[in-house]
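Residue-level structure breakdown
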Amino acid sequence: MKRVGYLGPRGTFTEMAARVLFHEQALEPFDTIAEGMKLAQQQEIDIAVVPLENAIEGSVNVTLDYLIHKHELPIIGEVTVPIEQHLLALPEEKKQWEQAEFVHSHPHAIAQCHEFLSRWMPETKAQFTNSTSAAAKKLSEGTAEGVVIATRLAAEQYGLEIVKENIHDYTNNHTRFVVLAGSEDHVESLSKEKKVTERTTMVITLPSDYPGALHQVLAAFSWRKLNLTKIESRPMKTGIGNYFFVMDVEQPEDDILIPGVIAELEALGFGVRVLGHYPCFELSTAEAKVDSRTTG
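Conventions used here
- Residues numbered from 1 in each chain as written.
- Predicted model: local features only at pLDDT ≥ 70, side-chain atom pairs only at ≥ 80, totals over all residues.
- Heavy atoms only, no water.
- Helix = DSSP H or I, 4+ residues; strand = E, 2+ residues; numbered from the N terminus.
- Rg over C-alpha atoms; globule rule 2.2 N^0.38 Å.
- Contact = heavy atoms within 4.5 Å.
- Lys, Arg positive; Asp, Glu negative; His and termini not counted.
- Charge placed at Lys NZ, Arg CZ, Asp CG, Glu CD.
- Axes fitted to C-alpha atoms, helices over the stretch in contact; angles between N-to-C directions.
- Parallel < 35°, antiparallel > 145°, perpendicular 65-115°, else oblique.
- Left-handed = near helix turned anticlockwise from the far one by under 90°.
- Nonpolar A, V, L, I, M, F, W, Y, C, P; charged D, E, K, R; others polar.
- Salt bridge = Lys/Arg side-chain N within 4 Å of Asp/Glu carboxyl O.
- Buried < 20%, exposed > 50% of the residue type's maximum accessible area, 1.4 Å probe, protein only.
- Patch = residues over 30% accessible without salt bridge, like charges linked within 9 Å, V, L, I, M, F, W, Y side chains within 5 Å.
- Areas by Shrake-Rupley, 256 points an atom, 1.4 Å probe, with all protein chains shown as cover.
- Pairing = 2+ DSSP bridges.

1. Here we look at the overall build of the protein chain
A count of helices and strands for the protein chain gives 10 helices and 15 strands. Against the compact-globule benchmark of 19 Å for 296 residues, the protein chain has a radius of gyration of 20 Å, which places it among compact chains. Of all intrachain contacts in the protein chain linking residues separated by at least 6 positions in sequence, the fraction that spans at least 24 positions is 76%. Here the protein chain holds 27 positive side-chain charges and 42 negative ones, and the gap between their average locations is 2 Å.

2. With respect to the packing of helix H8 (residues 213–222) against helix H9 (residues 257–267)
With their axes 9 Å apart at the nearest point, H8 and H9 run at an angle of 155° to one another. When the axis of H8 is compared with that of H9, the two are roughly antiparallel. The two elements H8 and H9 cross, and the hand of that crossing is right-handed. From H8, Gln216, Val217, Ala220 and Phe221 reach across to H9, where they touch Val261, Glu264 and Leu265. Taken together, the residues of the contact of H8 with H9 break down into 5 nonpolar, 1 polar and 1 charged.

3. Regarding the pattern of salt bridges
One pass over the structure, following the stated rule, counts 15 salt bridges. A salt bridge links Arg224 to Glu264; its shortest N-O distance comes to 2.8 Å. In this pair, Arg224 sits in the loop between H8 and strand S13 (228–235) while Glu264 sits in helix H9, placing the two residues 40 residues apart along the sequence. For Arg224, a relative accessible area of 14% corresponds to the buried category. Counted as one network, the salt bridges with shared partners bring together Glu53, Glu78, Arg176, Arg199, Lys230, Glu232 and Asp248.

4. Brief notes about a nonpolar patch on the surface
Taken together, Leu214, Leu218 and Ile231 make up a surface patch of nonpolar side chains, about 210 Å² in accessible area. Mapped onto the secondary structure, Ile231 falls in strand S13. Ile231 sits in the partly exposed class, given a relative accessible area of 44%.

5. Digging into the pairing of strand S7 (residues 102–105)
Of the two faces of S7, the one lined by Phe102 and His104 and the one lined by Val103 and Ser105 are each fully buried. Bridge analysis of S7 against strand S8 (residues 125–128) gives 4 bridges, and the strand direction is parallel. Residue pairing in the sheet places Ser105 in a bridge with Phe128 of S8. Two elements, S7 and strand S9 (residues 147–150), share 2 bridges in a ladder whose sense is parallel. Across the sheet, Val103 pairs through a bridge with Val147, a residue of S9.

6. A look at the packing of helix H2 (residues 33–41) against helix H3 (residues 61–70)
One way to put it is that H2 packs onto H3 with a least axis distance of 10 Å and a crossing angle of 30°. On the basis of the axis angle, H2 is roughly parallel to H3. The handedness of the crossing between H2 and H3 is right-handed. For the pair formed by H2 and H3, the contact residues are Ile33, Ala34 and Met37 on the first element and Val62, Thr63, Tyr66 and Leu67 on the second. Of the residues that constitute the contact of H2 with H3, the class distribution is 6 nonpolar, 1 polar and no charged.

The following block contains the structure:
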């Protein structure tokens, strides 16, 4: 049985993502994304599930930066989960939620609920935690005061009341979670029934900053009719203006197209590193509601 780590504690969206793919595996929470990736790198856990990108707030920079700069962890899978943020309070304080001095949650969750907080709780101060469920846990244990933004699962897990449902600003709120492994031997652990596509993610380094450099990179994909679903620049941390380009290609690993792109770019002097070739899965909103009721 594989040891699957997820950003905890119990009740996070990351736990929900992990359970989509690893129904029968042993799930172990970790406190921070950095900790989980380190545990996977050292093979103290077999697999780490971490958030990579949110439809509203964009990339989770700590995940990208650790993948690029800190660890050699292949991406072996991805699952997209619909995000529903709820305002939670202690049962005895649920009628006074508008007067709460503090609202606790992960920074992304706070940002995703900006309009609600500005309208209904303009004087409430935001307090950041490592995850949404960490905030719920602190409130239930009496080490935090006020209200929290978290999942329905966290409300059930920690005995809190949902005082306002679906307080996120946009309805089409989804997060991509990636599955990282210290060894690609663990890819067989992935459940296959929800697979929707396959993707290759690579990091490309320009040899120098010159006119047309990015055009050359894009042309290598374009004439092969490869669909780039994401292009993002991230700093190399070597000086102002020095960047990697992170690219997602909607294409599985093959013997011709992807190797051809890599060979062409390397011949032009670009550095290319493949972060993973992996299957992608998707959880619908209805499935997420069922999963939250049956988890734990």
